[in-house]
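The lines below spell out each chain.
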Amino acid sequence: MTKITEHIRRANGKPIFSIEVIPPIKGDNLKNLLGNIEPLMEFRPPFIDVTYHREEYIEQPQADGTIRKIVTRKRPGTVGICSAIMHRFDVDAVPHVLCGGFSRDETEDFLIDLNYLGIDNVLVLRGDPAKPFKTFKAKENGYSYASELVEQVANMNRGQYLHEEDTAMTPTDFCIGVAAYPEKHFEAENHDIDFDFLKQKIARGADYIVTQMFFDNARYFDFVKRCREHDINIPIIPGLKPISTRKQLDILPRLFHLHMPDDLVNAIAACENDAQARQVGIEWSIQQGRELIAAGAPVLHFYTMGKGDNVQKIAKELF
Ligand code: FAD
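Here is a short report on the structure shown in this document. (Residues numbered from 1 in each chain as written. Predicted model: local features only at pLDDT ≥ 70, side-chain atom pairs only at ≥ 80, totals over all residues. Heavy atoms only, no water.)

Spatially, β1-β2-β5-β6-β7-β8-β9-β10 is the arrangement adopted by the eight strands of the closed barrel, whose pairing is parallel. Between one strand axis and the next, the sheet turns through 30 degrees on average, direction left out of account. Two strands pair when backbone bridges link them, and strand β9 (residues 236-240) and strand β10 (residues 299-303) are joined in this way by two bridges, in the parallel orientation. When the bridges of β10 are listed, L240 appears paired with F302. Lying on the sheet, helix α11 (residues 309-318) is in contact with β1 (16-21) and β10; it crosses β10 at an angle near 165 degrees. (Pairing = 2+ DSSP bridges. Helix = DSSP H or I, 4+ residues; strand = E, 2+ residues; numbered from the N terminus. Axes fitted to C-alpha atoms, helices over the stretch in contact; angles between N-to-C directions. Contact = heavy atoms within 4.5 Å.)

As a further point, take unusual backbone geometry. Residues K131 and P132 are joined by a peptide bond in cis, for which omega reads 5 degrees. As for its placement among the helices and strands, P132 is situated in the loop between β6 (121-125) and α5 (146-157). In the Ramachandran plot, D231 falls in the positive-phi region, its phi being about 65 degrees despite a non-glycine side chain. If you trace the backbone, D231 turns up in the loop between α7 (217-229) and β9.

Let us now look at the environment of E20. Considering the arrangement of structural elements, one finds E20 in strand β1. Judged by relative accessible area, which is 12%, E20 ranks as buried. Separated by 109 residues in sequence, E20 and P129 place their C-alpha atoms 21 Å apart. (Buried < 20%, exposed > 50% of the residue type's maximum accessible area, 1.4 Å probe, protein only.)

With that settled, consider the environment of T135. By the secondary structure assignment, T135 is in the loop between β6 and α5. Measuring from C-alpha to C-alpha, the distance between T135 and E187 comes to 9.6 Å, with 52 residues separating the pair along the chain.

A few words on the packing of aromatic side chains. Applying the stated criterion across every chain yields a total of 10 aromatic pairs. Centroid distance F195 to F223: 6.4 Å. Interplanar angle 85 degrees. Geometry classified as edge-to-face. Here F195 is found in helix α6 (residues 191-203), whereas its partner F223 is found in helix α7, with 28 residues between them in sequence. Owing to a relative accessible area of 7%, F223 belongs among the buried residues under this scheme. Joined through ring pairs, the aromatic side chains of F17, F43, F302 and F319 make up one cluster. Its guanidinium or amino end placed over the ring of F195, R226 lies 4.5 Å from that ring's centre, counting from NZ or CZ. (Phe/Tyr/Trp six-rings, centres within 6.5 Å; stacked < 30°, edge-to-face > 60°. Lys NZ or Arg CZ within 6 Å of the ring centre and 35° of its normal.)

A word on the site of the ligand. Close to the ligand lie 24 residues; D128, Y181, H185, D194 and K201 are nearest. In this structure, a nitrogen atom belonging to the ligand sits 2.8 Å away from a main-chain N or O atom of Y52. In the environment of the ligand, an oxygen atom lies 2.7 Å from a nitrogen or oxygen atom belonging to the side chain of K201. Taken by itself the ligand offers 980 Å² of open surface, and the protein chains cover 86% of this. Within the residue set of the shell around the ligand, elements represented by two or more residues are β5 (92-98), β6, α6 and β8 (208-213). For the shell around the ligand, the element with the highest residue contribution is α6, accounting for four residues. (Near = heavy atom within 4 Å. Polar contact = N/O pair within 3.5 Å; in protein donor to acceptor, adjacent residues only side chain to side chain. Areas by Shrake-Rupley, 256 points an atom, 1.4 Å probe, with all protein chains shown as cover.)

We now examine the pairing of strand β7 (residues 175-180). On any regular strand, side chains alternate: one points to one face of the sheet, the next to the other face. Of all six residues in β7, six are buried, a share of seventy percent or more. Side chains of β7 alternate between two faces, with C175, G177 and A179 and I176, V178 and A180 buried alike. When β6 meets β7, the two strands line up parallel, connected through four bridges. Paired with V122 across the strands is I176, a residue of β7. For the crossover from β6 across α5 to β7, the handedness is right-handed. Relative to β8, β7 runs parallel, the two being bridged by four bridges. Looking across to β8, one finds that G177 is bridged to Y208. (Right-handed = clockwise from strand over helix to strand, strands pointing away.)

Right under this line is the structure:
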């Protein structure tokens, strides 16, 4: 299959449409997910990202009044979904690969499976703390930061696997994406520190960046300018999330630590129901998308959160 950087090169300045999907809740089938992607294929996304969801620690009340503590994964299936998407739609699937919940050896096995499947792109992330914990804790013999995982993938691309120092191994050929936060990652003390750690991910082998969602294009433009001034010349793909409910006005800034421009806040606040909010979200994303395309963004990457009807309306206007 084809690397993201190669897709961008081949597009030759024409903006690319892409999406991120999340695996269904355990027990649901894949039909809805694939059905939601289907109408978006009209806009020829060359790649589709599939998120990864680590384990959660939950307490289950039992009939006898006791509490049973269990570890479960609510949305397993990332690799299988990647495979299904690739076969059904003939596009590249990009699995998200996390530090959280993985030891180095498990990561190596995971990457070997992806390689066998013909997956050439990975988005490398640290992951959030396992629920309900507030701080991230690496698994034993795992990683604390995405840059370390980037290094492992880059090593495999050089034929350097774990524990095989003296054996010639077949190099993988992954194109490595990493996350960045135009409005700063919430744990970082300040923008400079966050930026230095982003540079570390790039120095260790990242090939492209995907940003956290933002609603104020000025934040993305400032971030791109800063990257270019620091000689970060890899593609910076903006992540866009069309607002779809009134509640998101409250939830998204809290969850993702981002700024909502007053015009957007006022427009959503004036909505009487979610259908109206969804329409405002569509119009806002179209306006954001137009400006980003005019400024030369290589890809518009939409967080669909499992539904695609609003993204379809936006893509119709933009692509
Ligand atoms: P890192 O780059 O490791 O950074 C994490 C924090 O540590 C930052 O504050 C950084 O400044 C700091 N830091 C980095 N290196 C060092 C160092 N050496 N020493 C000290 N501090 C350091 N989460 C999921 O669970 N599944 C997904 O599929 C998923 N997909 C995502 C897709 C995108 C595009 C984005 C933007 C986020 C996604 N996330 C996902 C969320 C992501 O896992 C969280 O935002 C997580 O908190 C940080 O991940 P990171 O890869 O940016 O971490």
